[in-house]
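Fold and geometry: a report
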Amino acid sequence: MPRRLLQRYLPDPDSLRRQRTLRCMAHLIGDPALWMLSRRSVANAFSIGLFSALLPIPMQMVVAAFGARLARCNLPLSVALVWITNPLTMPLIYYANYTLGAWLLQTPALQAPEQLTTHWLKMQLMEILPSLVVGSLVAAVVTGLVANLVIRLIWRWHVLRSWKARTHRRRQARRNG
């Protein structure tokens, strides 16, 4: 994984510690391990961030931050990945999780009405909730594990490619020099 690319988009820990709203957590976010960009740190941050993103709970960013703190992986990356579920993508993701849960529990999935309203959702919540929870947990675990594996493979591929390019440049320098 290109470390420079990630560093370009991730915030600086010192600037975050100086922000008035985050001063109370300066000792929590000051750990250098939470800002490291290594294969393990980035892969685990992807796992935690995507796992948290697929859970149908409020305050997913807080869950991702605590998960990153416990796993000592990249904090800003795990928190930023939670935004995969944003107001535009949330209905699609949670509906997919619900249908997965309904399939796993072998219950018929309810069809959404033409006009999805909060009243309809409240009336159907007890019927929807078990399938949504099971589907979300399964999707979150599988997505987190696959993301971890894919990031580690991409990182390894990038490192091997860099080594080969460096070796090639050295060989050409010897031939020309």
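Everything below is about the structure printed above this text.
Note that the coordinates shown come from a computational prediction; the quantities given were computed from them, not determined experimentally. (Residues numbered from 1 in each chain as written. Predicted model: local features only at pLDDT ≥ 70, side-chain atom pairs only at ≥ 80, totals over all residues. Heavy atoms only, no water.)

Two elements in contact, helix 4 (residues 39-53) and helix 5 (residues 60-71), have axes whose closest approach is 9 Å; the angle formed by their N-to-C orientations is 150°. Judged on the interaxial angle alone, helix 5 and helix 4 are roughly antiparallel. Remark: the crossing between helix 4 and helix 5 carries right-handed chirality. Here Arg 40, Ile 48, Ser 52 and Ala 53 of helix 4 come into contact with helix 5, specifically with Gln 60, Val 63, Ala 64, Gly 67, Ala 68 and Ala 71. For the contact of helix 4 with helix 5, the class distribution of residues is six nonpolar, three polar and one charged. (Axes fitted to C-alpha atoms, helices over the stretch in contact; angles between N-to-C directions. Helix = DSSP H or I, 4+ residues; strand = E, 2+ residues; numbered from the N terminus. Parallel < 35°, antiparallel > 145°, perpendicular 65-115°, else oblique. Left-handed = near helix turned anticlockwise from the far one by under 90°. Contact = heavy atoms within 4.5 Å. Nonpolar A, V, L, I, M, F, W, Y, C, P; charged D, E, K, R; others polar.)

With that settled, consider the nonpolar core. Residues Val 42, Phe 46, Leu 75 and Leu 77 are the most contacted members of the largest nonpolar core, which totals 20 residues. Taken together, the elements giving at least two residues each to this core come down to helix 4, helix 5, helix 6 (75-81) and helix 8 (118-176). If one sorts the elements of this core by residue count, helix 4 sits on top with six residues. Of all hydrophobic cores here, the second largest spans nine residues; its members include Leu 54, Ile 93, Ala 139 and Ala 140. (Core = buried A, V, L, I, M, F, W, Y, C linked by side-chain atoms within 4.5 Å. Buried < 20%, exposed > 50% of the residue type's maximum accessible area, 1.4 Å probe, protein only.)

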